[in-house]
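# An overview of the molecular structure
As a plain string of letters, each chain reads:
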Amino acid sequence: MTSEAATPRADRRLLRARRATLLSLALGMWATVLLPAAGLSREPDVGRVALGAVGILAFAATQTAVLYAAVTPWLAQRWRRRAHVGLAVVAVLTVPLVAPVAAGAWPTWAWLGASLVGMAPLVVRLPAALAVTAGALLVSAAVAWWTGGSVGRSLAVTGGVGVGVAAVNRFQVWFWDLLVEARQGQAAQGRLAAAEERLRFARDVHDLLGHSLTVIALKAELAARLAPVDPVRAGREAAEVQRLAASALAEVRESVHGYRAVDLGEQVAAVAEVLRSCGVRCTVPSPPVDLPQPAATELAAVLREAGTNVLRHSRADWCRIHIDREGNVARMTVANDGADESGPDEHSHGLRGLADRLAAAGGELRTRRQDAVFTVEATVPVSS
């Protein structure tokens, strides 16, 4: 059965796969429902035709509900149970409603039995599915005997066709389950990559501050001990503590804004890897190698924000990152095809903050949306 883990409904590729799976299941199952309808044309009694049509339509409706539940992992469990119970109730009611239709001339209920056998793997586990199959075969044989039809033909229809349909249905739902699990794995991989990046940054900050703070603590302790006996030296130690604190603060600021020495190529590769791990096709030409460090730092900040927006606010299938240099201007564009009404726009706080940051550095940030394609373009000046 399909995993109950929540699946992002904004994943367009997964939704397309879901629709294709649902359509394939429905076509296969509805074919087995149309064949009982052939018995309606062979029944001379109008009353039986009406009752049979009601039974067949009710079975098709509850069958569709079960198919929908089978490929909708975010559906609440109570709705899933209601669909299953509804199918069971309607299946029982079809015996008196459909069995008399075209009695002896067409195995009308046997085809519904085949459809029921085909649905069993989508509703219950294997042992229960085998029990459902045995029950459907027993009812099919009893109906054929009761209506004067061929018991052998009814068993062949219910058993042979039903088992074949069940095998096809189970394969399709199994394949759908694999897709869901793969997408969940990709999302987990993306979260893991982000967590590893946070841990790496935490280690960098720890390494950066560990030594400085240790020295500051020792110097402050020394100044406190010297204050009563050697105020002059204590003052020098206090001044050294102040200098060390200011130096550590400057280093932290450098680390936060650019990890002290940003390698733009590594940043681009890291963002592209995270996007690919989340199922977004990412095209990344190599950035220019002659970008000065200040320009690379500003573009890296824009790249991180744009990559975050692709993951958080869009339903992108692809993303293109391009960085080039024209004279004294470096330009980076990040485009993706997942723009929607809730996606990032010119009012996004992250992008607005980046626009202010680039403006302070003499650069510019522009965004544009064309159909489903959202593009972020950043330009920064490059010193000769």
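Reference entry: report on the structure contained in this document. A quick note: this is a predicted structure, and the numbers were derived from the prediction, not measured.

In terms of helices and strands, the protein carries ten helices and five strands. Across the 384 residues of the protein, 41% fall into the buried class. Sequence separation of 24 or more characterises 72% of the internal contacts of the protein that already satisfy a separation of 6 or more. Total accessible area on the protein stands at roughly 20,000 Å², and carbon and sulfur atoms take up 63% of it.

On the secondary structure map, Val117 appears in helix 4 (residues 108-123). Placed 20 residues apart in sequence, Val117 and Leu137 show a C-alpha to C-alpha distance of 8.9 Å. Not counting the four nearest positions on each side in its chain, Val117 is found in contact with Thr133, Ala136, Thr158, Gly162, Val163 and Ala166.

What follows deals with empty space enclosed by the protein. Summed over the entire model, instances satisfying the criterion amount to two cavities of 30 Å³ or more. In this structure, the largest cavity encloses a volume near 130 Å³. Lining the largest cavity are 19 residues; nearest its centre among them are Trp106, Pro107, Ala144, Thr147 and Ser154. Here the lining of the largest cavity takes four residues from helix 5 (residues 126-147), the largest share from any one element. Among the residues making up the lining of the largest cavity, the classes are represented as eleven nonpolar, seven polar and one charged.

Glancing now at the nonpolar core. Grouped together as the largest cluster of nonpolar side chains are 37 residues, with contacts concentrated most on Phe59, Leu67 and Met119. For this core, the secondary-structure elements that each account for two or more residues are helix 1 (12-40), helix 2 (46-70), helix 3 (77-98), helix 4 and helix 6 (151-226). Element by element, the count of residues in this core is highest for helix 4, at eight residues. Each residue touching Phe59, except ones within four places of it in the same chain, is listed here: Val33, Leu87, Val90, Ala91, Thr94, Leu112, Ser115 and Leu116.

On to the packing of helix 3 against helix 4. Where helix 3 meets helix 4, the axes come as close as 11 Å, and the angle between the chain directions of the two elements is 170 degrees. In terms of orientation, helix 3 and helix 4 fall into the roughly antiparallel class. In this structure, helix 3 contributes His84, Leu87, Ala91, Thr94, Val95 and Val98 to the contact, and helix 4 contributes Thr108, Trp109, Leu112, Leu116, Met119, Leu122 and Val123. Looking at side-chain class alone, the contact of helix 3 with helix 4 contains ten nonpolar, three polar and no charged residues.

So, on to the pattern of salt bridges. In this structure the tally under the stated criterion is eight salt bridges. Between Glu377 and Arg331 there is a salt bridge, with its nearest N and O atoms 3.2 Å apart. Taken together, the residues Glu377 in strand 5 (residues 373-381) and Arg331 in strand 3 (residues 329-336) connect sequence positions 46 residues apart. By relative accessible area, Glu377 is classed as buried at 11%. A single network of salt bridges, built from pairs that share partners, joins Glu326, Arg331, Glu364, Arg366, Arg368 and Glu377.

What counts, and where the lines are drawn
- Residues numbered from 1 in each chain as written.
- Predicted model: local features only at pLDDT ≥ 70, side-chain atom pairs only at ≥ 80, totals over all residues.
- Heavy atoms only, no water.
- Helix = DSSP H or I, 4+ residues; strand = E, 2+ residues; numbered from the N terminus.
- Buried < 20%, exposed > 50% of the residue type's maximum accessible area, 1.4 Å probe, protein only.
- Contact = heavy atoms within 4.5 Å.
- Areas by Shrake-Rupley, 256 points an atom, 1.4 Å probe, with all protein chains shown as cover.
- 1 Å grid on protein atoms, 1.4 Å probe; cavity = no way out; pocket = protein on both sides within 12 Å on 5 of 7 lines; lining within 4 Å.
- Points joined across faces, edges and corners; volume = space filled by probe spheres on them.
- Nonpolar A, V, L, I, M, F, W, Y, C, P; charged D, E, K, R; others polar.
- Core = buried A, V, L, I, M, F, W, Y, C linked by side-chain atoms within 4.5 Å.
- Axes fitted to C-alpha atoms, helices over the stretch in contact; angles between N-to-C directions.
- Parallel < 35°, antiparallel > 145°, perpendicular 65-115°, else oblique.
- Salt bridge = Lys/Arg side-chain N within 4 Å of Asp/Glu carboxyl O.

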